[in-house]
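The residues making up each chain are set out below.
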Amino acid sequence: MDIVPLTIKRAYMTFLFPFAYSEKNRQKISDVLLDEDFSFFTLKNTSLEDAFYGDLTIIHEELAQFFYPFLEDKLFPNEMNSPDFIRFSKAFYTQGALHLQESQINYDYEVMSIDVALCPFGNGIITVRTNITDQSHDLSDILNFIHYFRVLEAKLREEKGASHHFSFGHCSSTSELLFKYFIPYLKPFLLHQQDHSYEGLPFFEDERMFASAYLIAEEEAKIIPEHLFRLGQVDGRTPAGKPFISSTNPEYISNYVQEHAHTRWAPNSYIITSSQAQITMTNRPFAKCTHSIQEFMGTHYYNLFIHYFYKMMLLKLSYEYSEIKWGKDKQVVNELIELITKFSARYYFEEVIVRTEGREISQLLRKYFRINEHYVETKETLNSLYRTQEDQSDNRSNNLLFILTVFTVISGIYGMNLVIEGWKDSSDFDSIGSYTLFEWVAFITALSGIGLSLVLVCVTAFKTLRNMVRRAKKKYK
């Protein structure tokens, strides 16, 4: 299948890196970022409107009017001690190049700025803003750059061979670029299961960042379904350097575009949303795109941000309940139910956007992040786990009640005379062998009753202490 070329004159790209951190370190991370010249982001600080976006300005008042008030105050708090979303940003404007060894292709690009957002429940998102605006490139090259940059640690053949080159040094992966040169002070706070790996993060898919981009093609250039399909799939070039598309079926491509494209401004502008990228493409001149690019970096970015957080949180909950030891972690189930209840009540809303276009885009994000499905599945699974463990607990309680009832009946038969005459004057047990049948029943009932009481007290004390320790660890985690 011959791939139709398309010249891209300007490309603005944003990459979202999810991470986990200990909530006890939230203030420490904030202090470290401030010491490293990051700025705490508030809508009141209008001096930040043109600080992180190159030659563009993001009007804070538009951000304030974009979301419903019940979410706006959580996304944009005025104080750093807020338990909600706090963002720190720093401008870098550093020039570098991405080199592909096998195809010997170089892409010059600029890292404009980096955001570190500390989200509730120990989640966080690092946002890396880049651009390629020095010269025109084919669409295959821009998508190829996005494909390689979003891979943190290359594992597959088609991901290997990329290296970053800057004046301050060279590195073989995007992860190394970020945590060795740009934000090394953040690395000690990240929670990963293994070094040089992100397998401990349940919300990381294939160890790749989510990509968002705004691409400006040549004026009045024809944008065809093939181009839009490649945007959603991030189909750039093969390792040998040839343009690549992951389907040769025109009908499949057409159906894909119909499902994934936001066509409100067609035929000049399209927004393609998939599980791995959200990319806007337009063939309008740059002078007429300024406001759209501002929306891409402002309101549309936060629309993506909040839905990406929803996806992270729900995948995290799914991972945690999948690790539960069956029949042993009733308290963990209760904590997860409490967690999803807090998440639902304070942050999770079906509608968060005031404007119609924003709602349309948010519906695409909810669809391809599978947010509704994850939410329903998580709630139903946790409720099912809770009911099942409650049934098991009821069975244990019924068995205990049966035993206690037996003791009560036996004790009732003896009334107040459940004693053995030999016990009144001595604790000598030498006469045990001469007990009558009824004395043996009294003896066994007394000892087993005392033993059962001691066991129940010890078990209850142990469970209470264990739950107290678990909650204390969770509080200071």
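The rules behind these values
- Residues numbered from 1 in each chain as written.
- Predicted model: local features only at pLDDT ≥ 70, side-chain atom pairs only at ≥ 80, totals over all residues.
- Heavy atoms only, no water.
- Helix = DSSP H or I, 4+ residues; strand = E, 2+ residues; numbered from the N terminus.
- Buried < 20%, exposed > 50% of the residue type's maximum accessible area, 1.4 Å probe, protein only.
- Contact = heavy atoms within 4.5 Å.
- Areas by Shrake-Rupley, 256 points an atom, 1.4 Å probe, with all protein chains shown as cover.
- Salt bridge = Lys/Arg side-chain N within 4 Å of Asp/Glu carboxyl O.
- Polar contact = N/O pair within 3.5 Å; in protein donor to acceptor, adjacent residues only side chain to side chain.
- Core = buried A, V, L, I, M, F, W, Y, C linked by side-chain atoms within 4.5 Å.
- Pairing = 2+ DSSP bridges.
- Phe/Tyr/Trp six-rings, centres within 6.5 Å; stacked < 30°, edge-to-face > 60°.
- Lys NZ or Arg CZ within 6 Å of the ring centre and 35° of its normal.
- pLDDT = per-residue confidence, 0-100.

(A) Broad picture of the overall build of the protein chain. Within the protein chain one finds 14 helices and 12 strands. Taking all 477 residues of the protein chain together, 51% fall into the buried category. The long-range share in the protein chain, meaning contacts at least 24 apart out of those at least 6 apart in sequence, stands at 73%. Approximately 23100 Å² of the protein chain is accessible, and the part contributed by carbon and sulfur atoms is 54%.

(B) Representation of the pattern of salt bridges. Under the criterion given, the structure shown has 10 salt bridges. The shortest N-O distance in the salt bridge between Lys-74 and Asp-73 comes to 3.7 Å. A relative accessible area of 9% means that Lys-74 is categorised as buried. Put simply, Lys-180 and Glu-176 hold a salt bridge, and the shortest N to O gap is 3.7 Å. Taken together, the residues Lys-180 and Glu-176, both in helix H5 (residues 174–182) and 4 residues apart, mark about one turn of the helix. Given the relative accessible area of 48%, Lys-180 is considered partly exposed. Residue class for Glu-176 comes out partly exposed when judged on its relative accessible area of 23%.

(C) The arrangement of unusual backbone geometry in detail. That bond from Ala-266 to Pro-267 is cis: its omega, 5 degrees, falls within 30 degrees of zero. With respect to the helices and strands, the residue Pro-267 is situated in the loop between strand S10 (261–262) and strand S11 (269–273). With a phi angle near 45 degrees, Tyr-93 is a residue other than glycine that sits in the positive phi range. Tracing the backbone through its elements, the reader meets Tyr-93 in strand S3 (residues 86–100). Positive phi values are uncommon outside glycine, yet Val-234 reaches one of about 50 degrees. Assignment of secondary structure puts Val-234 in the loop between helix H6 (225–233) and helix H7 (250–260).

(D) Spotlight on helix H8 (residues 290–297). Of all 8 residues in H8, 6 are buried; the element is thus mostly enclosed. Of the residues making up H8, those classed as buried are Ser-292, Ile-293, Gln-294, Glu-295, Phe-296 and Met-297.

(E) Region of the structure containing the side chain of Glu-153. Considering the arrangement of structural elements, one finds Glu-153 in the loop between helix H4 (139–149) and strand S7 (162–166). Residue classification places Glu-153 among the buried residues on the basis of a relative accessible area of 18%. At 3.5 Å, the side chain of Glu-153 forms a polar contact with the side chain of Ser-175.

(F) Looking closely at the nonpolar core. Counting residues in each nonpolar core, the largest one holds 68 residues, and the members touching the most others are Ile-126, Phe-145, Ile-146 and Leu-215. In contact with Ile-126, not counting residues within four places along its chain, are Phe-15, Leu-16, Phe-17, Phe-19, Ile-114, Asp-115, Val-116, Phe-179, Ile-183 and Leu-186. If you look at the next biggest cluster of nonpolar residues, it comprises 58 residues, including Leu-63, Phe-305, Phe-309 and Leu-336.

(G) Quick peek at the pairing of strand S12 (residues 277–282). Among the 6 residues that make up S12, 6 are buried, leaving the element largely enclosed by the rest of the structure. In S12, alternate side chains face the same way, and those of Ala-277, Ile-279 and Met-281 on one face and Gln-278, Thr-280 and Thr-282 on the other are all buried. Where strand S9 (residues 210–217) and S12 come together, 6 bridges link them in parallel fashion. Among the inter-strand pairings, Ile-216 is bridged to a residue of S12, identified as Thr-282. Relative to S12, S11 runs antiparallel, the two sharing 5 bridges. The residue bridging Thr-273 from the neighbouring strand is Gln-278, located in S12. Taking the residues that link successive antiparallel strands as the turn, the S11-S12 hairpin has 3 residues.

(H) Geometry of the packing of aromatic side chains. A full pass over the atoms with the stated rule returns 41 aromatic pairs. Look at Phe-92 and Phe-182: their rings are 5.1 Å apart centre to centre, the planes differ by 85 degrees, and that puts the pair in the edge-to-face class. Separated by 90 residues along the polypeptide, Phe-92 in strand S3 and Phe-182 in helix H5 bring together distant segments of the chain. Pair check on accessibility: Phe-92 and Phe-182 agree, each one buried. Consider the rings of Phe-343 and Tyr-348, whose centres lie 5.6 Å apart with planes at 45 degrees: the pair is tilted. Its guanidinium or amino end placed over the ring of Phe-286, Arg-10 lies 4.0 Å from that ring's centre, counting from NZ or CZ. Positioned above the aromatic ring of Phe-41, the side-chain terminus of Arg-87 is 3.9 Å from the ring centre.

(I) Structural context of the confidence of the model for the protein chain. When pLDDT is averaged across the protein chain, the result is 84; 80% of the residues are at 70 or more. Every residue in residues 193–200 scores below 50 in pLDDT, and together they form 16 contacts with partners more than four places removed in sequence or on other chains.

(J) Structural detail: the pairing of S7. Most of S7 sits out of view: 4 of its 5 residues are buried. As paired elements, S3 and S7 share 5 bridges and run antiparallel to each other. Counted as the bridge partner of Leu-98 is His-164 from S7. The pairing of S7 with strand S8 (residues 169–171) spans 3 bridges and is antiparallel. When the sheet's bridge partners are listed, His-164 is paired in S8 with Cys-171. From the end of S7 to the start of S8, which pair antiparallel, there are 2 residues.

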